[in-house]
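Take a look at the letters that make up each chain.
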Amino acid sequence: MSPALTAPSRNASGAFSWGTIAWVSALLAACYGPILTALVRNWNSDGDMGHGFFVPVIAAYIAWQKRDQIAGKMPRPNWWGLAIMLWAGFQLYIATLGAELFLARTSFVFSIIGAVLLLGGTEYLRIFAFPLFLLFFMVPIPAIIYNQVTFPLQIIASKAAENAITLLQIPVIREGNILELAQQKLNVVEACSGIRSLLTLTFMSLVYGYWSEKRGWVRVLLFLSTIPIAIVANAGRVTLTGVVAQFKPDLAEGLFHEAQGWVIFMVALAIMIAFHQLVDRGFNLVQRRHA
């Protein structure tokens, strides 16, 4: 038997009404209020998650743009959505017992996904799949994964910076993630690992690809390109910091260092856009040659 509900059209037409959305949203807010409050505080205090403030706003805007796609589609409520919401509630319960923030926060996203499927059906879920997927980017990655990723990135950035600084004829000695310069010792800490720019850049690549590219394979390529771009950009930042520290050590930290990070991120974003233009022109060139 199909899990989809078969209700009369007059009931189905109101299944996804604003009133239904309002009370479901109120229930989710009541259940996840403390979790969401703590999540917002985390965005404000964690430099790696500064993009979290923009994720729900952009996701909501994209979902709002899709409202015309559901205007003529009859909602077909699906009971599997209730199963997903029950699983999300169970996940929240387990996370609360174990004080596991990642499970608690992702359960909120799963609850929203389940609500869309329950109230609108599989077609509604398909239409809103992308903005729903974006919501996962507002949740910080688990600490166990974060720690496994950041240290290798620190070593990569340190090695690249050592090679670049050596090419510039500046004496440098590297010990792990520490660069010894004549004027100062630079410690490539977790904040300088590049994970911050990587998390933000991957999110930006998805949003940029959604608005500027229709080909699925190009969107995937843009997403994957953010990994080497973020690594190279961060290595460039560490190199620049090392060069600056050689001549004026005070500029290796503080406001100038933070501003330098923003500039490097904008450069990385520009590189991603330029890479997209290069792929697009190359693809068009190949098509013209085979036409």
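The coordinates are above.
Parameters at a glance
- Residues numbered from 1 in each chain as written.
- Predicted model: local features only at pLDDT ≥ 70, side-chain atom pairs only at ≥ 80, totals over all residues.
- Heavy atoms only, no water.
- Phe/Tyr/Trp six-rings, centres within 6.5 Å; stacked < 30°, edge-to-face > 60°.
- Helix = DSSP H or I, 4+ residues; strand = E, 2+ residues; numbered from the N terminus.
- Buried < 20%, exposed > 50% of the residue type's maximum accessible area, 1.4 Å probe, protein only.
- Core = buried A, V, L, I, M, F, W, Y, C linked by side-chain atoms within 4.5 Å.
- Contact = heavy atoms within 4.5 Å.
- Expected span 1.5 Å × (residues − 1).
- Salt bridge = Lys/Arg side-chain N within 4 Å of Asp/Glu carboxyl O.
- Pairing = 2+ DSSP bridges.
- Polar contact = N/O pair within 3.5 Å; in protein donor to acceptor, adjacent residues only side chain to side chain.
- Patch = residues over 30% accessible without salt bridge, like charges linked within 9 Å, V, L, I, M, F, W, Y side chains within 5 Å.
- Areas by Shrake-Rupley, 256 points an atom, 1.4 Å probe, with all protein chains shown as cover.
- Axes fitted to C-alpha atoms, helices over the stretch in contact; angles between N-to-C directions.
- Parallel < 35°, antiparallel > 145°, perpendicular 65-115°, else oblique.
- Left-handed = near helix turned anticlockwise from the far one by under 90°.
- Nonpolar A, V, L, I, M, F, W, Y, C, P; charged D, E, K, R; others polar.

S.K.: Explanation requested: the packing of aromatic side chains in the structure shown.
M.R.: One pair of aromatic rings is described through two measures. These are the centre distance and the angle between the planes. Tallied over the entire structure, the rule returns 10 aromatic pairs. With centroids separated by 4.8 Å and ring planes inclined at 10°, the aromatic side chains of Phe 130 and Tyr 210 adopt a geometry described as stacked. Remark: Tyr 210 occurs in helix H10 (residues 195-212) and Phe 130 occurs in helix H8 (residues 129-134); sequence separation between them is 80 residues. When sorted by exposure, Phe 130 lands in the same class as Tyr 210, which is buried. An angle of 45° between the planes, with centres 6.0 Å apart, marks the rings of Phe 137 and Phe 203 as tilted.

S.K.: Where do I start with the nonpolar core in this structure?
M.R.: Taken as a class, soluble globular proteins show a tendency for nonpolar side chains to be buried jointly. One finds Tyr 32, Leu 134, Met 138 and Phe 203 to be the most contacted residues of the largest nonpolar core, which totals 36 residues. Contributing elements (two or more residues each) for this core: helix H2 (18-45), helix H3 (54-65), helix H5 (80-98), helix H6 (101-120), helix H7 (122-127), H8 and H10. Take this core: its biggest share by element is seven residues, from H6. Sequence-distant contacts of Met 138, defined by excluding residues within four places in its chain, comprise Leu 39, Trp 43, Met 49, Gly 52, Val 55, Pro 56, Phe 108 and Val 109.

S.K.: Which parts of the structure should I look at to understand helix H9 (residues 143-167)?
M.R.: Side chains three or four residues apart in an α-helix point the same way, a direct result of the helix having 3.6 residues per turn. Spanning 25 residues, H9 covers 36 Å between terminal C-alpha atoms, matching the ideal 36 Å at 1.5 Å per step. Looking one or two residues past H9, Gln 169 carries a phi angle of roughly 65°, positive in sign.

S.K.: Would you take a moment to explain the environment of Gly 121 for this structure?
M.R.: Structurally, Gly 121 is set in the loop between H6 and H7. Look at Gly 121 and you get buried, because its relative accessible area is 0%. Separated by 41 residues in the primary sequence, Gly 121 and Trp 80 place their C-alpha atoms 8.9 Å from one another. Every residue in contact with Gly 121, bar those within four places of it in the chain, is listed here: Arg 76, Pro 77, Asn 78 and Val 116.

S.K.: Could you clarify how one ought to interpret the pattern of salt bridges in this entry?
M.R.: Side chains that carry opposite charge are capable of pairing whenever their charged atoms lie near each other. Enumeration over the complete set of coordinates arrives at four salt bridges. Arg 126 serves as the salt-bridge partner of Glu 123, at 2.6 Å between the closest nitrogen and oxygen. Note that Glu 123 and Arg 126 are positioned in helix H7 at a spacing of three residues, about one turn of the helix. The partner of Glu 162 in a salt bridge is Arg 174, with the nearest N and O atoms 3.0 Å apart. Within this pair, whereas Glu 162 is found in helix H9, its partner Arg 174 is found in strand S1 (residues 172-175), the two being separated by 12 residues in sequence. Via salt bridges that share partners, Glu 213, Arg 215 and Asp 280 belong to a single interconnected network.

S.K.: Would you mind going over the pairing of strand S2 (residues 178-181) with me for this structure?
M.R.: Looking along a regular strand, one sees the side chains alternate between the two faces of the sheet. Burial along S2 is one-sided: Leu 179 and Leu 181 are buried, while Ile 178 and Glu 180, pointing the other way, are not. Counting the residues in the hairpin turn of S1 and S2 gives two residues, including Gly 176, whose phi is positive at 65°.

S.K.: How should I be thinking about the environment of His 51 in this particular structure?
M.R.: Within the secondary structure, His 51 sits in the loop between H2 and H3. Here His 51 is in contact with Phe 137, Leu 199, Thr 200 and Phe 203, once residues within four sequence places are set aside. A distance of 3.2 Å separates a polar side-chain atom of His 51 from the backbone oxygen of Phe 137. Within the structure, His 51 has its side chain in polar contact with the side chain of Thr 200 (distance 3.3 Å).

S.K.: Would you mind showing me how to read a nonpolar patch on the surface here?
M.R.: On the surface, Trp 87, Phe 90, Tyr 93, Ile 94, Leu 97 and Leu 103 cluster together into a nonpolar patch covering about 640 Å² of accessible area. Counting residues per element, the nonpolar patch draws most heavily on H5, which supplies five residues. With respect to the secondary-structure elements, Ile 94 resides in helix H5. A residue is classified by how much of its surface remains accessible, and Ile 94, at 37% relative accessible area, is partly exposed.

S.K.: Would you mind going over the packing of H5 against H6 with me for this structure?
M.R.: Packed helices, taken two at a time, are described by their axes: the angle between them and the distance between them. Remark: H5 packs on H6, axes separated minimally by 7 Å, with the N-to-C direction vectors making an angle of 165°. Judged by the angle between their axes, H5 and H6 are roughly antiparallel. Classified by chirality, the crossing of H6 by H5 is left-handed. Residue-level inspection shows Trp 80, Gly 81, Leu 82, Ile 84, Met 85, Ala 88, Gln 91, Leu 92 and Ala 95 of H5 in contact with H6, the latter providing Leu 103, Ala 104, Thr 106, Ser 107, Phe 110, Ser 111, Gly 114, Ala 115, Leu 117 and Leu 118. Grouping the constituent residues of the contact of H5 with H6 by class yields 13 nonpolar, six polar and no charged.

S.K.: Mind showing me how you'd approach the pairing of S1 here?
M.R.: Where S1 and S2 come together, four bridges link them in antiparallel fashion. Residue pairing across strands places Ile 173 opposite Glu 180, the latter belonging to S2.

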